[in-house]
Amino acid sequence: MGNSPTNVVVVLLDSLNRHHLGAYGGTEFATPQLDRFASRATTFLRHVTGSLPCMPARHDILCGALDFLWRPWGSIELWEQPITADLRHAGVTTMLVTDHPHLFETGGENYHTDFGGWDYVRGHEGDPWKTWLDPSWIGVPAPPARDGGWWLRRRFGEAAPKLDRAYDRARTHFRDELDFPGPRTMSAAAQWIAEAGAHAGDRPWMLFVDEFDPHEPFDTPPAWTGRYEDEPWDGDRIIWPPYVVGGVSGGHLSEAEARHIRANYGGKLSMIDHWFGALLDQLDATGAWDDTAVIVCTDHGHYLGEERDDGRGNRVDLWGKPQVPQFRPLGHIPLMIHWPGVEGGGVCDALTTNVDLHATIADAFGVTPSHRTHGRSLVPLLTGEASSVREWAIGGVFGNWVQVTDGHRVYARAPEGENFPLSMWSNRWSTMPVHVSGVVELPRPDHRAFLDRMPGSTVPVIRQPFQPGDALPFWVHRANVGQHHLYDVDVDPDERENRVGERVERELQDLLRTALAEVEAPDEQLLRLGL
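Residues numbered from 1 in each chain as written. Predicted model: local features only at pLDDT ≥ 70, side-chain atom pairs only at ≥ 80, totals over all residues. Heavy atoms only, no water.

UniProt, in the comment section headed Sequence similarities (unreviewed entry), describes the chain in these words: "Belongs to the sulfatase family." (UniProt positions renumbered as here; feature names shortened; annotations may be inferred.)

Our focus in this paragraph is the domain arrangement of the chain. Segmentation of the chain into domains returns domain 1 (5-381) and domain 2 (391-527). Centre-to-centre separation of domain 1 and domain 2, based on C-alpha positions: 24 Å. Taken together, the contact between domain 1 and domain 2 spans 49 residues of the former and 57 residues of the latter. The three residues of domain 1 that bury the most area against domain 2 are W70, W79 and Q323, which together make up 18% of that side's buried surface. Close ionic contact of R372 with E520 constitutes a salt bridge, the shortest N to O distance being 2.1 Å. Linking domain 1 with domain 2 are 19 residue pairs in polar contact (both at pLDDT 80 or more). When contributions to the side of domain 1 that touches domain 2 are tallied by element, the ones reaching two or more residues are β2 (42-48), β3 (51-52), β9 (303-309), α8 (328-331) and β12 (346-353). (Domains from an automatic or database assignment. Contact = heavy atoms within 4.5 Å. Buried area = accessible area lost by both parts, 1.4 Å probe. Salt bridge = Lys/Arg side-chain N within 4 Å of Asp/Glu carboxyl O. Polar contact = N/O pair within 3.5 Å; in protein donor to acceptor, adjacent residues only side chain to side chain. Helix = DSSP H or I, 4+ residues; strand = E, 2+ residues; numbered from the N terminus.)

Let us now look at the packing of helix α6 (residues 181-199) against helix α7 (residues 255-286). Between α6 and α7, the shortest axis-to-axis distance is 9 Å and the interhelical angle comes to 5°. Accordingly, the angle class assigned to the pair α6 and α7 is roughly parallel. Of α7, the residues touching α6 (which contributes G182, P183, M186, S187, A189, A190, I193 and A194) are M271, I272, W275, F276, A278, L279, Q282, L283 and T286. A breakdown of the residues in the contact of α6 with α7 according to their chemical character gives 13 nonpolar, 4 polar and no charged. (Axes fitted to C-alpha atoms, helices over the stretch in contact; angles between N-to-C directions. Parallel < 35°, antiparallel > 145°, perpendicular 65-115°, else oblique. Nonpolar A, V, L, I, M, F, W, Y, C, P; charged D, E, K, R; others polar.)

The space that makes up the largest pocket amounts to roughly 1200 Å³. The wall of the largest pocket is formed by 41 residues, among which L152, Y243, M432, F474 and W475 lie closest to the centre. Within the residue set of the lining of the largest pocket, elements represented by two or more residues are α4 (150-156) and β7 (244-245). When grouped by side-chain class, the residues that make up the lining of the largest pocket number 27 nonpolar, 6 polar and 8 charged. Two domains each donate at least three residues to the lining of the largest pocket, and these are domain 1 (5-381) and domain 2 (391-527). (1 Å grid on protein atoms, 1.4 Å probe; cavity = no way out; pocket = protein on both sides within 12 Å on 5 of 7 lines; lining within 4 Å. Points joined across faces, edges and corners; volume = space filled by probe spheres on them.)

A side chain of one charge can pair with a side chain of the opposite charge if their charged atoms are brought near each other. Overall, the coordinates contain 41 salt bridges when judged by the stated rule. Where R165 meets E125, a salt bridge forms, and the shortest distance between an N and an O atom there is 3.9 Å. A residue pair is termed long-range when its members are at least 10 positions apart, and R165 in the loop between α4 and α5 (167-170) and E125 in the loop between β5 (117-120) and α4 qualify at 40 residues. Note on R165: relative accessible area 22%, which makes it partly exposed. With a shortest N-O distance of 2.9 Å, D164 and R169 are connected by a salt bridge. In this structure D164 comes out as partly exposed when scored by relative accessible area, which is 38%. (Buried < 20%, exposed > 50% of the residue type's maximum accessible area, 1.4 Å probe, protein only.)

So, in structure tokens, the structure goes:
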């Protein structure tokens, strides 16, 4: 049995690959600080993604409700509120420390507003922190690198759209490792823990560290650059990975480029692991482990050349987060939780997913959300009172595959026909900003839109139906019709044998129908998926 924590620390490391962590058996890259934390924590073995990608996953965690069945990517809506609002009403101090730029642009702009305080560390990825290159930059500590548009130019030549990567300007202003956003974020989080130990008194608190590393750009200072390269790299470094199905196998990447990009991810991972150690040191120094729960999680993984079926029977290498199902390198994600009074170093084999983190935090502080949620508290698993909290988990990207798993088998159901009917439900009307010249990210609602209601809510919501020929929200995929995937991952962890068409598919179809019914998904999802 464990003790109920007074405080909670959540550390979300974006694009954290489970199979690269020492605590999960990874040996390719060094993660000594995450491994150190695992010795104090319970390591979850069957944790999977829910809504994807970045902001939908944070919606799962902070609001506790899956939203990929209703919309692609967006802000907190009128019919819901984040866990931070519930905690504020309960007298809990909350703090956000982050370098995640999506939290401060359209589509994610109100996730931080209910925190009691927030510290936005500037300069990561698409953050428009600097307008100009620093003319005094001489290539250190950030070495010369290909700009963020190199991949589009390789694929499309003169016709390539112009991609503005703000980080290409920001990195010229770095002069030391501590100028990089990840180290600054972890240092600020450690400092806040020190201050909480001195000033919080008896008032409970939650610290949420939303760290965008090891997400691209895979850019590091000299101490980490080239650490995992097996050969010298000649020329500008590749810090912006491609998003592509069949990079090497399709002739778009050389073998050397592929190894270089993968090694650069490893350098970024080991760097942020090192600075995560500063946060652990502060927990040690303040003696916080006895009354503080610590959750280390991610939104999803990142493909770095792992091979999977392309939907046409070909085994190809995958890069980034392309238009493919959430195969295990991306969808089977790490979760480690330290719970006061529970001996560290143990494992949990129960099926869990990211909405369960919201329910766990609510359980820790004794608050009840006012809107419809989909999570299950993990506290009974941590304290040994239960061996399972859910029979299935679902996830996916709006307008793409919908996946269901029972923890042993994974079924990714693609749309049938033309991927319709499909509607978007939102009162804030946004999707992922792409910063690409000439690309319409999201068409506005039109005359076909009407007011509907979300499950469990009486708040009217704009529902926009789409039809063939419409400009669709970014991430919606049109070319995956009929490309279903089913794998028994207990015996086939590399997902080589697609068992679609066997008797087991009928069983997983029924499980998916059950899951969609329980979350009260729109009926059109069953039609779109041919169910």
